[in-house]
Amino acid sequence: MNMRFSRKDNALYSIPQRFADERLPFCPICGSDDPHWLTAEHQKLFYKYYYFKCEKCGSVFSATADDVSGLSGTTASFYGKYKKYKGKDNRTVYIHVDQTGAGITDIEKISLQNRELALEDLLHIGETLRKK
Ligand SMILES: [Zn+2]
């Protein structure tokens, strides 16, 4: 997929940029405190996805726009219904690890690729990996 990542410096007007900067204070893969997130959007079949790329290591994460905006927090939205159906917690933001950066060689980090985790769990794993 050819994605055009950019940094929206006026984060006030960019939901994905604000989400990345506020909710992902460090990169869970390389551990950088200053990931200087780049963002992109992509519409897949039914859902819009936001992508977050760490400028330091190039790792890419994604989440549905409904999760990021909080719209799926109830079953009022279509995606909210889908989450409930899938046995997911509606108030949890799920982050998919699309790709770990090319320079990442740690097997534990690489093994996170293609996994989807609750935001809190991903940050917790990131903290653990940072201490290694
Ligand atoms: Zn990184």
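Our subject is the structure that appears above.
Residues numbered from 1 in each chain as written. Predicted model: local features only at pLDDT ≥ 70, side-chain atom pairs only at ≥ 80, totals over all residues.

Enquirer: Can you lay out the nonpolar core for me, pointing to particular residues and giving the numbers?
Expert: In terms of nonpolar packing, the biggest core is built from 22 residues, with W37, Y50, F52 and A63 touching the most fellow members. The set of elements that each furnish at least two residues to this core consists of α1 (15-23), β2 (47-53), β3 (60-64) and β4 (94-99). When residues of this core are assigned to their parent elements, the largest contribution, four residues, is made by β2. When residues no more than four places from it in sequence are discounted, the contact partners of W37 are Q17, A20, D21, L24, F52, K53 and C54. (Core = buried A, V, L, I, M, F, W, Y, C linked by C-beta atoms within 7 Å. Buried ≥ 20, exposed ≤ 12 C-beta atoms within 10 Å, placed from the backbone. Helix = DSSP H or I, 4+ residues; strand = E, 2+ residues; numbered from the N terminus. Contact = placed C-beta atoms within 7 Å.)

Enquirer: Could you give an account of the sheet that holds strand β1 (residues 38-44), with specific residues and numbers?
Expert: Taken in spatial order, the five strands line up as β1-β2-β3-β4-β5 in an open sheet, and their pairing is antiparallel. A single partner strand is all that each edge strand has here, and the edge strands are β1 and β5 (116-118). Averaged over all neighbouring strand pairs, the angle between strand axes comes to 30°, with direction disregarded. Note: β4 against β5, three bridges, orientation antiparallel. Across the sheet, the residue bridging to H96 is E116, located in β5. Contacts from α1 reach β1 and β2 within the one sheet, and its direction differs from that of β1 by about 125°. The strands touched by helix α5 (residues 119-130) are β4 and β5; relative to β5, the strand with the most contacts, the crossing angle is about 95°. (Pairing = 2+ DSSP bridges. Axes fitted to C-alpha atoms, helices over the stretch in contact; angles between N-to-C directions.)

The quantities given are spatial measurements derived from coordinates; they are silent on function.
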